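Structural features, examined
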Amino acid sequence: MSQPTLHDFYRPLGNLGPKVSPLGLGTVKLGRDQGVKYPNGFRIPDDDEARMLLKLARDLGINLIDTAPAYGRSEERLGPLLRGQRGDWVIVSKVGEEFSDGQSRHDFSAAHTRLSVERSLKRLETDYIDLVLVHSDGNDLAILNDSEVYPTLAALKREGKIGGFGFSGKTVEGGLKALEQGDCAMVTYNLNERSETAVIDYATEHGKAILVKKALASGHACLSPGVDPVQASFELLFEHPGIASAIVGTINPLHLAHNVATVAKVLRKN
Ligand SMILES: NC(=O)c1ccc[n+]([C@@H]2O[C@H](COP(=O)([O-])OP(=O)(O)OC[C@H]3O[C@@H](n4cnc5c(N)ncnc54)[C@H](OP(=O)(O)O)[C@@H]3O)[C@@H](O)[C@H]2O)c1
């Protein structure tokens, strides 16, 4: 039997233009191996391996890719790796977190936000990023109420450099506030963690986009014995009509194919 793909399951990204695959590709592991909390150690794929992974993702119908300045070399590798394919991908990046010498630091100022987005455009070799999310340090409300990051992203959207903006946060209050002005919230939602459900409900009611991070609990869900944890995770997620896409970070082609087949199976049943 041929490998199922996601081409029949594209859905809106809130009220932003592009339709996205229900599974996106997370790219932490293409750029960073320090300060991560995965259950197993790993080696960052070389260019040939990364190119094959991206081709497989595209062939299986994935059109959404998530990166960030804080993911080590992820953005600067994706530029050349995706050269010639800009029209095939919906690109999500972030602002606010920098990671160097094994340490994170945060800057939500107007100057840094602008510099960061301009740098992402250069690194990604494009003149347009579909969606830019604030990479929160956990102080969600303070960032939204007291920093210039959101007004600066709104200006960059008006200038046509980004298609939309939103927030990848850690609290319900932050997620709700972020959706008042923003286009998208990226939330944690998985078998072990459902505290941000109210943010997903709000987005559904107001036509805003939800992306899910850590859909497999950063791989920890896959360690559970018994039921297929990947299937159980996607059944949980896609029960909710408001979730546009689950951004799953894998560098293993077999895992990628299994995840695509499982999402297709779950959505075909829904
Ligand atoms: N603050 C933020 O904005 C934020 C925070 C965290 C994550 N994110 C985004 O969300 C993405 C996903 O988050 P995440 O990487 O933390 O968690 P995740 O997608 O829940 O889990 C990724 C882990 O699960 C493993 N995995 C994937 N499919 C599998 C399968 N079928 N069987 C067994 N193991 C499997 C992967 O290992 P293999 O590589 O071996 O498959 C990887 O270690 C990130 O890449 C990033 O783009 C954003």
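Quick note: structure is the one above.
Here's what I pulled together on the structure shown here. (Residues numbered from 1 in each chain as written. Predicted model: local features only at pLDDT ≥ 70, side-chain atom pairs only at ≥ 80, totals over all residues. Heavy atoms only, no water.)

1. Observations concerning the overall build of the protein chain
For the protein chain, the count of helices and strands is 10 helices and 12 strands. The C-alpha atoms of the protein chain give 17 Å as radius of gyration, which agrees with the globular expectation for 270 residues (18 Å, within 12%). For the protein chain, the spread of C-alpha atoms along the principal axes amounts to about 50 × 40 × 35 Å. Counting only residues that meet the buried cut, the protein chain has 54% of its 270 residues in that class. Within the protein chain, contacts between residues separated by at least 24 positions form 75% of all contacts whose residues are at least 6 apart in sequence. (Helix = DSSP H or I, 4+ residues; strand = E, 2+ residues; numbered from the N terminus. Rg over C-alpha atoms; globule rule 2.2 N^0.38 Å. Buried < 20%, exposed > 50% of the residue type's maximum accessible area, 1.4 Å probe, protein only. Contact = heavy atoms within 4.5 Å.)

2. Focus on the environment of A142
Within the secondary structure layout, A142 lies in helix α5 (residues 140–146). Residue class for A142 comes out partly exposed when judged on its relative accessible area of 37%. When the C-alpha atoms of A142 and V230 are compared, they prove to be 35 Å apart, with 88 residues separating the residues in sequence.

3. A short note on the site of the ligand
If you check the shell around the ligand, you find 29 residues, and the closest are D66, S168, L216, T250 and H255. A distance of 2.8 Å separates an oxygen atom of the ligand from a polar atom in the side chain of Y38. Residue N259 places a side-chain N or O atom 2.8 Å away from a nitrogen atom belonging to the ligand. Taken by itself the ligand offers 900 Å² of open surface, and the protein chains cover 88% of this. Listed by contribution, the elements that provide at least two residues to the shell around the ligand are α1 (28–31), β12 (245–248) and α10 (253–269). Its residues placed into classes, the shell around the ligand shows 12 nonpolar, 12 polar and 5 charged. (Near = heavy atom within 4 Å. Polar contact = N/O pair within 3.5 Å; in protein donor to acceptor, adjacent residues only side chain to side chain. Areas by Shrake-Rupley, 256 points an atom, 1.4 Å probe, with all protein chains shown as cover. Nonpolar A, V, L, I, M, F, W, Y, C, P; charged D, E, K, R; others polar.)

4. Overview of the nonpolar core
With 62 residues, the main nonpolar core has L153 and F234 as its most contacted residues. Here the element with the most residues in this core is α10; it accounts for 7 residues. F234 has contacts with L23, L216, A246, V248, N259, T262, V263 and V266, leaving out every residue within four places of it along the chain. The next biggest cluster of nonpolar side chains, apart from the first, holds 14 residues, and it includes L13, L16, V20 and A209. (Core = buried A, V, L, I, M, F, W, Y, C linked by side-chain atoms within 4.5 Å.)

5. Digging into the environment of L23
Secondary-structure assignment places L23 in strand β3 (residues 23–26). When the C-alpha atoms of L23 and A203 are compared, they prove to be 18 Å apart, with 180 residues separating the residues in sequence. Among residues more than four places away in sequence, those in contact with L23 are L6, I62, F234, S245, A246, V248, N259, V260 and V263.

6. Re unusual backbone geometry
One non-glycine residue with positive phi stands out, namely E125, at about 55°. Positioned with a positive phi, K214 is a non-glycine residue whose angle comes to about 55°. Along the chain, the position of K214 falls in the loop between β11 (209–213) and α9 (229–238). Residue K214 is classed as partly exposed on the basis of its relative accessible area of 44%.

7. Brief notes about the pairing of strand β7 (residues 103–106)
In this structure, strand β6 (residues 97–100) lies alongside β7, joined through 4 bridges in antiparallel fashion. When the bridges of β7 are listed, S100 appears paired with Q103. Between β6 and β7, which follow one another and run antiparallel, lie 2 residues, and D101 among them has a positive phi close to 50°. (Pairing = 2+ DSSP bridges.)

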